[in-house]
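Notes for the structure review
Letter by letter, the chains look like this.
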Amino acid sequence: MPTSSWERGRTKIEKVMTHYWKNYYEANADKFADSLMKQVDRTINGAEEEQSEIDLTVESLRQVLNLDSTDQVADLCCGNGLLTRAVACGVATMIGVDFSEKLIACANRFNAASNVRYVVGDVSKLDGSFFSSVTKVFMESSVQHLESDELSRLLRTLGSTPNIEAVFIGGVPDADRLSVYYDDDRKMAFYRQREAEGRPHIGTWWSQPQLQKVVEDSGLRVRFLPQDARLTSAYYRYDCLIERPSR
Ligand SMILES: C[S@@+](CC[C@H](N)C(=O)[O-])C[C@H]1O[C@@H](n2cnc3c(N)ncnc32)[C@H](O)[C@@H]1O
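These remarks concern the structure in this document. Every chain's residues receive numbers from 1 upward, in the order its sequence appears when written. pLDDT decides what is reported in this predicted model: residues at 70 or higher carry local features, side-chain atom pairs at 80 or more are listed and counted, and totals for whole chains, interfaces and linings draw on all residues regardless. To get the side-chain values, all heavy atoms of the structure are used, and hydrogens and water are removed first.

A few points about the overall build of the protein chain
Stated formally: Helix and strand definitions follow DSSP, with helices as H or I runs of at least four residues and strands as E runs of at least two, each counted in order from the N terminus. With the radius of gyration taken over C-alpha atoms, the globule rule is written as 2.2 Å times the number of residues to the power 0.38. Whether two residues are in contact is decided by their heavy atoms: any pair within 4.5 Å suffices. Computed with a 1.4 Å probe, the accessible areas rest on the Shrake-Rupley method; for each residue, only the protein chains presented here act as cover. Charge assignment: positive for Lys and Arg, negative for Asp and Glu; neither His nor the chain ends contribute. Charged groups are reduced to one reference atom each: NZ for lysine, CZ for arginine, CG for aspartic acid, CD for glutamic acid.
Helix and strand content of the protein chain: 9 helices and 9 strands. For 247 residues, the compact-globule estimate of 2.2 N^0.38 gives 18 Å, and the C-alpha radius of gyration of the protein chain, at 17 Å, lies within 12% of that figure. Oriented by its inertia axes, the alpha-carbon framework of the protein chain measures out at about 50 × 45 × 35 Å. Excluding contacts between residues fewer than 6 apart, the proportion of contacts in the protein chain whose partners are at least 24 apart in sequence is 65%. For the protein chain, the accessible surface area stands at approximately 12,300 Å², while carbon and sulfur atoms represent 50% of it. If the 30 positive side-chain charges of the protein chain are averaged to one point and the 36 negative ones to another, these points end up 4 Å apart.

Structure representation (structure tokens):
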């Protein structure tokens, strides 16, 4: 229970932003019923990204997490399962979780597989029992939708679940490259306007020191990785691998 007015304020911001992003993706699911890519913002200048972007992303996270056929993997913020199903074919089991009921319905309809289960849930509210048999976790192109306290809660849960060996957080928008992405006055004004209206364009941009602090305060350690240079997002996003500190 939040006790101070500061904590109550943080909780209110979390609720408002959760509501905002959930509505955003529920609307996307309907608006782009004919495009699984567009439903989860896998677009470049409004057009669907190439399949190679997904293939490269899946290849990177497979390598970084060292996935094999014994792994039981959780895909946090799985959307409509575009990555979930692709990763599932090399591992024992997959569980995908997303707070959008409509995207989970699409996942079940279009990206089902015998070793995959999809559930509706807010990743910042999962408890340890959800991860009781999970060995590795990934969250791709989604950390921008979590407030710092939400990410911290999630990391503490993951850190206190001993069977989890490693966590991959991919596609983090880099606060230190904000002006490389919004690279002229018009684009930067658009970014600022959306922030001021409480309707962020992409979400929270994380600098590596900010993210490192949240990870280390949760008792874990992080290694930052550049994205594969062939990915269109490599010029403003980075990946990271989160593990337990060695004793
Ligand atoms: C940009 S999409 C990425 C989907 C998928 N990971 C991919 O790379 O194709 C972001 C996803 O995060 C989900 N999401 C955002 N915040 C969430 C939360 N707190 N709990 C669960 N899902 C969340 C959204 O519903 C959406 O499906």
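Next comes the rest of the write-up.
Quick notes on the sheet that holds strand β8 (residues 221-226)
Put simply, the test is: Strand pairing follows a simple DSSP-based rule, namely that at least 2 bridges must link the two strands. Structural elements are reduced to axes, namely lines fitted to C-alpha atoms, with helices fitted over the stretch in contact, and the angle between N-to-C directions of any two is expressed from 0 to 180 degrees.
Pairing is mixed across the open sheet formed by 7 strands, whose spatial order is β5-β4-β3-β6-β7-β9-β8. Only two strands of the sheet have a single neighbouring strand rather than two, namely β5 (116-120) and β8. Direction aside, neighbouring strands of the sheet carry axes that sit 20 degrees apart on average. Bridge count for strand β6 (residues 136-140) against strand β7 (residues 166-173) is 5 bridges, and the pairing is parallel. Considered in β7, the bridge of Glu140 is made with Gly170. The sheet strands contacting helix α9 (residues 208-217) are β7, β8 and β9 (237-243), and the helix crosses β8 at an angle near 150 degrees.

Quick notes on α9
Applied cut-off: Burial classification: accessible surface area is computed with a 1.4 Å probe over protein chains only, and a residue below 20% of its type maximum counts as buried, one above 50% as exposed, and the rest as partly exposed. Taking the helix axis as origin, the arc is that swept by the directions to the C-beta atoms.
Turning to α9, its buried residues number three or more, namely Leu211, Val214 and Val215. The buried residues of α9 all sit within an arc of 100 degrees when viewed along its axis, so they share a single face. Counted as exposed and oriented over 90 degrees from the buried face of α9: Pro209 and Lys213. Close packing links the buried residues of α9 with α6 (148-159), β7, β8 and β9. Directly after α9, the chain includes Gly219, whose backbone phi takes a positive value near 85 degrees.

Some thoughts on the pattern of salt bridges
To keep things clear, this is the line we draw: By convention in these notes, a salt bridge is any Lys or Arg side-chain nitrogen within 4 Å of a carboxyl oxygen on Asp or Glu.
According to the stated counting rule, one finds 12 salt bridges in the structure shown. A salt bridge links Glu101 to Lys22, with the shortest nitrogen-to-oxygen separation between them at 3.5 Å. Of this pair, Glu101 sits in helix α5 (residues 101-110) while Lys22 sits in helix α1 (residues 5-31), and the two are 79 residues apart along the sequence. Through salt bridges that share partners, Asp71, Lys136 and Glu165 make up one connected network.

A look at the pairing of β7
Definition in use: Place the viewer so that the strands point away; then a crossover is right-handed whenever the path from the first strand over the helix to the second strand goes clockwise.
Among the 8 residues in β7, 8 count as buried, and that is most of the element. Note that the unit made of β6, α6 and β7 has a crossover that is right-handed. In this structure, β7 lies alongside β9, joined through 5 bridges in antiparallel fashion. Bridged to Phe168 within β9 is Leu241.

Quick word on the site of the ligand
Threshold: Proximity is defined per residue: any heavy atom of the residue falling within 4 Å of a molecule or strand makes that residue near it. N or O atoms closer than or at 3.5 Å make up a polar contact, with two conditions inside protein: a donor-capable atom paired with an acceptor-capable one, and, for residues adjacent in sequence, both atoms drawn from side chains. Each residue is assigned to one of three groups, with Ala, Val, Leu, Ile, Met, Phe, Trp, Tyr, Cys and Pro labelled nonpolar, Asp, Glu, Lys and Arg labelled charged, and all others, Gly among them, labelled polar.
Near the ligand, the surroundings consist of 19 residues, among which Arg42, Cys77, Asp98, Val123 and Glu140 are the closest. At 3.0 Å from a nitrogen atom of the ligand is found a main-chain nitrogen or oxygen belonging to Val123. Relative to its unbound accessible area of 590 Å², the ligand is 98% covered by the protein chains. Its residues assigned to classes, the shell around the ligand shows 9 nonpolar, 6 polar and 4 charged.

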